[in-house]
Amino acid sequence: MKINSADQLVVAEVPRKKPFYTSLFFQLGVAIVAGVLIGHFLPSIGSQLRPLGDGFIMLIKMIIAPLIFLVIVTGISAVGDVKAVGRLGVKALLYFTCASLFALVFGLIIGNLIQPGAGLSIDPSTLDGTAVQEKTGEAKSASEFILGIIPVSVFGAFSDNNLLQVLFFSVFFGAAVVVIGKDRCAPLLGIFDNVLELIFKIMSWVMRVAPLGAFGAMGFIIGQYGIETLGTYAKLILACYAAALLFIGILFIVAWAFARVPLWQFIKYTREEFLLALGTASTESVMPRIMTKLNNAGCSRATTGLVVPTGYSFNLDGAAIYLSISLLFLAQAFGHDLSFGQQLAALGVLLLTSKGMAGVPGSSFLALSATAAALGIFPVAGVALLLGADRLMDSMRVAVNLLGNCVATFVVAKWEGQFDRKAMKRAFAGENTLEEEPSGPIKASGEEPAEATCSHCGAAKAAQRAGALLGSPAAAPQH
């Protein structure tokens, strides 16, 4: 471009860096530390702060069901191929099964090496299983679990916030849109896109009170159970957190080997979501934002909409590690040294029970109780030994579960050819990107969608909308 005069020279204004104390990451860190201090030094007050954490999680749950429905329907319609959606679902379930099996085996290996329950010599006659019964819900059979995925009423699925039922209906709805034709359904899809943007705006408002929720949840956990509990279960806690760190290292390798995703950069990109999940001890509290950031990082909307909600029930790697280590802890605490055959049998039972009890209160206690009853290794009432340590494991389970589902989304998206590496690089570099998947048909497996081009105005509008979706001001587009 030729510049004829100094008046035509426009100097781009460098965006002013926001003060560090306005970032959500800093606010969450302060809130969590404050919650720990209140819970430790003023436990009577800390134990009363639970409504703050529960209230925040309820606000998030308020938008999860419509978010999943809208993301899946619009994502499938963008894919435009029902067979591709079915193929994506099969690949996701195959990955979930392999990942869960590996996590259970990995936990058994760590449990055998560290021996967390060795030397406790618990007397079974001193146990009372009443507390476990009060904490757990009712276990479901395999047939009940499968039939429970089918909603009796669509409105009931949304009102009960049953994510698997919402997911089931959403896939059917999206497939119907593809069969009828996007042109005929264009007015409806336009409304869905607008409503989805409204949902993300509500999410940005809810996230403003996230530090308050993290403060209440952490204050309650420390005030109710106390830091002293760490000493009682030190070896078990050490085994679980050591296994979690090693497993996260394996996830780094998987993410890079299968999808060429630098996981450390992704963690930096999603550090606010991970800190919030740790503070509230809940992965549901960050589901909307993590789905948005996975879209921004190059995963198609259809992949994110199918893999993340399904993974919340079928891909609980952190819970699987905890179950296998806890099983060995209880067996060792009662003086039983499990043989290789017994551990294989326990592995099979845990793999089945951990899937069928997703969403049931106290599911970890139910899975361990079912395994104890099936194999007769230790008294079922012995599961009560874990009551004091269970809440202290939340951070480990939440971190591994969340990161495992993110890695699953990247791997499945790459596997199905619905991963845009250029979009990932832009997101990791801090550029605002649109939350939608790249337009155009699906490429063959192994190919990456072409980078979308835009006019100057289109880029500015996209950046502005993306900033609104993420709850942050949009940066100026760069060409």
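Fair warning: this is a prediction, and the values are worked out from it, not measured in the lab.

A look at helix H12 (residues 234-259)
- The terminal C-alpha atoms of H12, which comprises 26 residues, lie 37 Å apart, in line with the 38 Å expected from a rise of 1.5 Å per residue.
- Those residues of H12 not exposed but buried are Leu236, Ile237, Ala239, Cys240, Ala243, Ala244, Phe247, Ile248, Leu251, Val254, Ala255 and Ala259.

Remarks on the environment of Met291
- With respect to the helices and strands, Met291 occurs in helix H15 (residues 287-296).
- According to the relative accessible area criterion, Met291 is buried, its value standing at 2%.
- On a C-alpha basis, the gap between Met291 and Val308 in space is 7.2 Å, while along the polypeptide they are 17 residues apart.
- Beyond its immediate stretch of four places on either side in the chain, Met291 contacts Leu67, Val71, Thr304, Gly305 and Val308.

Notes on the nonpolar core
- Tyr95, Leu236, Phe266, Phe378 and Phe410 are the most contacted members of the largest nonpolar core, which has 129 residues in total.
- It is helix H3 (residues 50-79) that contributes the most residues to this core, 14 residues altogether.
- Sequence-distant contacts of Phe410, defined by excluding residues within four places in its chain, comprise Ala259, Val261, Phe266, Leu294, Ala297, Cys299 and Phe419.

Focus: the side chain of Lys91
- If you trace the backbone, Lys91 turns up in helix H4 (residues 82-114).
- There is a polar contact of 2.8 Å between the side chain of Lys91 and the side chain of Glu416.

Description of unusual backbone geometry
- One non-glycine residue, Gln115, lies in positive phi territory at about 55°.
- The residue Gln115 is located in the loop between H4 and helix H5 (130-135) in this model.
- Its relative accessible area of 27% is what places Gln115 among the partly exposed residues.
- Positive phi values are uncommon outside glycine, yet Asn161 reaches one of about 60°.
- Residue placement: Asn161 occurs in the loop between helix H7 (154-159) and helix H8 (163-180).

Considering the confidence of the model for the chain
- Confidence along the chain averages 77 in pLDDT terms, with 76% of residues attaining 70 or more.
- Of all helices and strands in the chain, the one with the weakest mean pLDDT is helix H23 (residues 456-470) (40), whereas helix H13 (residues 263-269) scores best (94).
- For residues 131-137, every residue scores under 50 in pLDDT, and the model assigns this stretch 18 contacts once sequence neighbours within four places are set aside.
- The low-confidence segment residues 433-479, where pLDDT is below 50, has 87 contacts with residues more than four positions distant or belonging to other chains.

Focus: the packing of aromatic side chains
- Enumeration according to the criterion identifies 15 aromatic pairs in this entry.
- Seen in terms of ring centroids, Phe69 and Phe158 are 5.8 Å apart; in terms of plane orientation they differ by 75°. Their pairing is edge-to-face. Residue Phe69 is located in helix H3, and its partner Phe158 is located in helix H7; the two are separated by 89 residues in the primary sequence.
- With relative accessibility at 11%, the residue Phe69 sits in the buried group.
- Ring centres of Phe102 and Phe247 lie 6.0 Å apart, and the angle between their planes is 35°; on these two criteria the pair is classed as tilted. Placement of Phe102 in helix H4 and of Phe247 in helix H12 is noted, with a sequence separation of 145 residues between them.
- The class of Phe247 is buried, set by a relative accessible area of 3%.
- Linked through ring pairs, Phe69, Phe158, Phe169, Phe173 and Phe192 together constitute an aromatic cluster.

Calculation notes
Residues numbered from 1 in each chain as written. Predicted model: local features only at pLDDT ≥ 70, side-chain atom pairs only at ≥ 80, totals over all residues. Heavy atoms only, no water. Helix = DSSP H or I, 4+ residues; strand = E, 2+ residues; numbered from the N terminus. Expected span 1.5 Å × (residues − 1). Buried < 20%, exposed > 50% of the residue type's maximum accessible area, 1.4 Å probe, protein only. Contact = heavy atoms within 4.5 Å. Core = buried A, V, L, I, M, F, W, Y, C linked by side-chain atoms within 4.5 Å. Polar contact = N/O pair within 3.5 Å; in protein donor to acceptor, adjacent residues only side chain to side chain. pLDDT = per-residue confidence, 0-100. Phe/Tyr/Trp six-rings, centres within 6.5 Å; stacked < 30°, edge-to-face > 60°.

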